[in-house]
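# Coordinate inspection notes
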Amino acid sequence: MASTNGFSDGRSSREGWMQVALQAAREAGEKGEVPVGAVVVLDGEVIAVGGNRPVAGHDPSAHAEMVALRAAAGKLGNYRLSDCELYVTLEPCAMCAGAMLHARLKKVIFGAYDPKTGVAGSVLNLFDYAVLNHHTEVEGGVLQDECGALLKGFFADRRKREREESAMADVLRTPEDRFAHLPGYAFKPHYIGDLKGYRGIRIHYLDEGKGAKVFLCLHGQPSWSYLYRKMIPTLVAAGHRVVAPDLIGFGKSDKPVDDALYTFDYHRTMLLNFIERLDLTNIVLVVQDWGGLLGLTLPMAMPERFAGLLIMNTAFAGGDLPLGQGFLDWRAFSNKNPDMAVGKLFARSCPHLSPAEAAAYDAPFPGAAYKAGVRRFPNLVPDHPDAGGAAISRRARDWFRTEWNGKTFMAVGMKDPVLGPPVMAYVRTHIRNCPPPFEVAEGGHFLQEWGEEVVREALKVL
């Protein structure tokens, strides 16, 4: 990697070199290392770059500075680097400072100070230690704020993941016998128990059929993959693959008992990681209710994986429009019923269901402790612009309006009092090239329960 000491954007040379070190730090952070980066500069040219890699290299000495020093010495064929300057994003530790002094560096320039282990002035200053026979010039605080922010963000994210993983230890798993003999649900279960970022949580999904096109079916609240049982056979018979995960807290997936664990970002990230884990491509995204609130934010993050959209009774959760009275009434009802009778809700919403079908929606929830997700989701719908998930939902809305190139089929359950025709008419205006909706006159909120006719029409388009 080489550069000159002139930067076209007006940065000073030292700031420019520190930006190179920052890029190395970011790349290290993306690999799970503490984000520290270093560069060695000689005569206005970068001769070596290093990022932290103790974890990847199983090497306690593989700090960014050490990696850069080794590379520079190898390139020059000399362990003495007396004409070189080293830029590093964090104040060096004692180990790295010793190597720098041994290399006889001309100067060390660092970004953020390290009050706990820094030995270039914070804890002590090895570079100006009187009894040593070599002293290296040191300058600190170059792009200090940017270097420090990168480290603070990394450790904040890591603490968040650790809290989430700790909370994951307190999870419930619905006994398998509760899912025996459910009408219309003779599908083989599939599980992932080690999804990235969700260690300790077992996630269930259906994976039926074979074909180049993958229909990714996302359910909402308080349902689960059982909701798609009427659509899956028709899609498979048409030569397609169908994947239908249960969100964490629902269906056959594990159920953390801590209500606070359920956030918009927590579930969205799970879906992104799930798609990557199964390496799904040529996806037709099938969404309804929360399946849409979450699912509509996915294609812009990985547009190369998505080819189509089948959208039913859902919304963009931008937080910048008033929530309708129908939703406010639903949220109030949910909050007053923390041990909601899910099966009875489906029986009222879908009067054509048999008693056994309605009861199947109770199967995942033996008791109130299993219903943290059911309780939390209505309160996660963004109701102001700064709410969790609102900003990314607005970006998704803009992306679908301006950049979406896939085929779209919209179906609307006309009797839905919450996300019915008015809401879907607004959603349609924000999906590029969305044709007029297929209207199901008797269809309610859970339109998948009228799914056979929806699929037959959708396959004419998708």
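Residues numbered from 1 in each chain as written. Predicted model: local features only at pLDDT ≥ 70, side-chain atom pairs only at ≥ 80, totals over all residues. Heavy atoms only, no water.

Here we come to the overall build of the chain. Regarding its fold elements, the chain presents 15 helices and 15 strands. Taken across its 462 residues, the chain has 52% of its residues classed as buried. Nonlocal contacts in the chain, meaning residues at least 24 apart in sequence, comprise 72% of its contacts between residues at least 6 apart. Carbon together with sulfur atoms contributes 52% to the accessible area of the chain, which is approximately 19,800 Å² in total. (Helix = DSSP H or I, 4+ residues; strand = E, 2+ residues; numbered from the N terminus. Buried < 20%, exposed > 50% of the residue type's maximum accessible area, 1.4 Å probe, protein only. Contact = heavy atoms within 4.5 Å. Areas by Shrake-Rupley, 256 points an atom, 1.4 Å probe, with all protein chains shown as cover.)

On to helix α13 (residues 390-402). Its 13 residues place the ends of α13 19 Å apart at the C-alpha level, agreeing with the 18 Å of an ideal helix rising 1.5 Å per residue. Looking at α13, one finds that the buried residues are Ala390, Ile392, Ser393, Ala396, Arg397, Trp399 and Phe400. On its buried face, α13 is in contact with α7 (264-278), α8 (290-295), β13 (306-312) and α14 (421-429). (Expected span 1.5 Å × (residues − 1).)

To continue, consider the sheet that holds strand β3 (residues 85-90). An order of β2-β1-β3-β4-β5 is seen for the 5 strands of this open sheet, with the pairing classed as mixed. Of all the strands in the sheet, the pair left with one neighbour each is β2 (45-51) and β5 (137-139). Adjacent strand axes in the sheet meet at a mean angle of 20° when their direction is disregarded. As judged from the 6 bridges shared by strand β1 (residues 37-42) and β2, these two strands associate in the antiparallel manner. Pairing of Val41 across the sheet is with Val46, part of β2. Here helix α1 (residues 13-30) sits on the sheet in contact with β1, β2, β3, β4 (107-112) and β5, set at roughly 50° to β3. (Pairing = 2+ DSSP bridges. Axes fitted to C-alpha atoms, helices over the stretch in contact; angles between N-to-C directions.)

For the coordinates displayed, the defined rule picks out 21 salt bridges. Here the residues in one salt-bridge network are Arg14, Lys107, Glu137 and Glu139, joined through shared partners. (Salt bridge = Lys/Arg side-chain N within 4 Å of Asp/Glu carboxyl O.)

Applying the stated criterion across every chain, the model contains 21 aromatic pairs. Measuring from ring centre to ring centre gives 5.8 Å for Phe264 and Trp290, while their planes differ by 55°; the resulting arrangement is tilted. Here Trp290 lies in helix α8 and Phe264 lies in helix α7, a separation of 26 residues in the sequence. For Phe264, a relative accessible area of 4% puts it in the buried group. The rings of Phe179, Tyr185, Phe187, Trp224, Tyr226, Phe346, Tyr361 and Phe446 are connected pair by pair, giving a single aromatic cluster. One cation-aromatic arrangement involves Arg202 over Tyr191; the distance from NZ or CZ to the ring centre is 3.8 Å. (Phe/Tyr/Trp six-rings, centres within 6.5 Å; stacked < 30°, edge-to-face > 60°. Lys NZ or Arg CZ within 6 Å of the ring centre and 35° of its normal.)

On the surface, Arg158, Arg159, Arg161 and Arg163 cluster together to form a positively charged patch. Of note, Arg161 is situated in helix α5 (residues 144-168). The exposure class assigned to Arg161 is partly exposed, which follows from its relative accessible area of 39%. (Patch = residues over 30% accessible without salt bridge, like charges linked within 9 Å, V, L, I, M, F, W, Y side chains within 5 Å. Lys, Arg positive; Asp, Glu negative; His and termini not counted. Charge placed at Lys NZ, Arg CZ, Asp CG, Glu CD.)

Right, let's get into unusual backbone geometry. Of the consecutive residues Gln221 and Pro222, the connecting peptide bond is found in the cis state with omega at 5°. Despite not being glycine, Arg104 shows a phi value in the positive range, around 65°. In this fold, Arg104 is placed in the loop between α4 (94-103) and β4.

With that settled, consider α1. Since there are 3.6 residues in each turn of an α-helix, residues three or four apart along the chain are aligned in direction. For α1, with 18 residues, the first-to-last C-alpha span of 26 Å sits near the 26 Å given by 1.5 Å per residue. Residues Gly16, Trp17, Met18, Gln19, Val20, Ala21, Leu22, Ala24, Ala25 and Ala28 constitute the buried set of α1. Directly beyond the C-terminal end of α1, a positive phi value near 90° is found at Gly32.

As a further point, take the packing of helix α3 (residues 64-76) against α4. With their axes 9 Å apart at the nearest point, α3 and α4 run at an angle of 25° to one another. In terms of orientation, α3 lies roughly parallel with respect to α4. Read as a crossing pair, α3 and α4 show a hand that is left-handed. Of the residues in α4, those touching α3 at Glu65, Met66 and Leu69 are Met95, Cys96, Ala99 and Met100. (Parallel < 35°, antiparallel > 145°, perpendicular 65-115°, else oblique. Left-handed = near helix turned anticlockwise from the far one by under 90°.)

Let us now look at the sheet that holds strand β10 (residues 241-245). Reading across the sheet, the 8 strands line up as β7-β8-β10-β9-β12-β13-β14-β15 and stay open at both edges, with mixed pairing between neighbours. Edge positions in the sheet fall to β7 (189-192) and β15 (438-440), since each of these pairs with one other strand and no more. In this sheet, adjacent strand axes meet at a mean angle of 20° when their direction is disregarded. Inspection of the sheet shows strand β8 (residues 203-208) paired to β10 by 4 bridges, in the antiparallel sense. Its bridge partner being in β10, Asp207 is matched across the sheet by Val243. Strands β7, β8, β9 (214-218), β10, β12 (283-288) and β13 of the sheet are contacted by α7, whose axis makes an angle of about 145° with β10.

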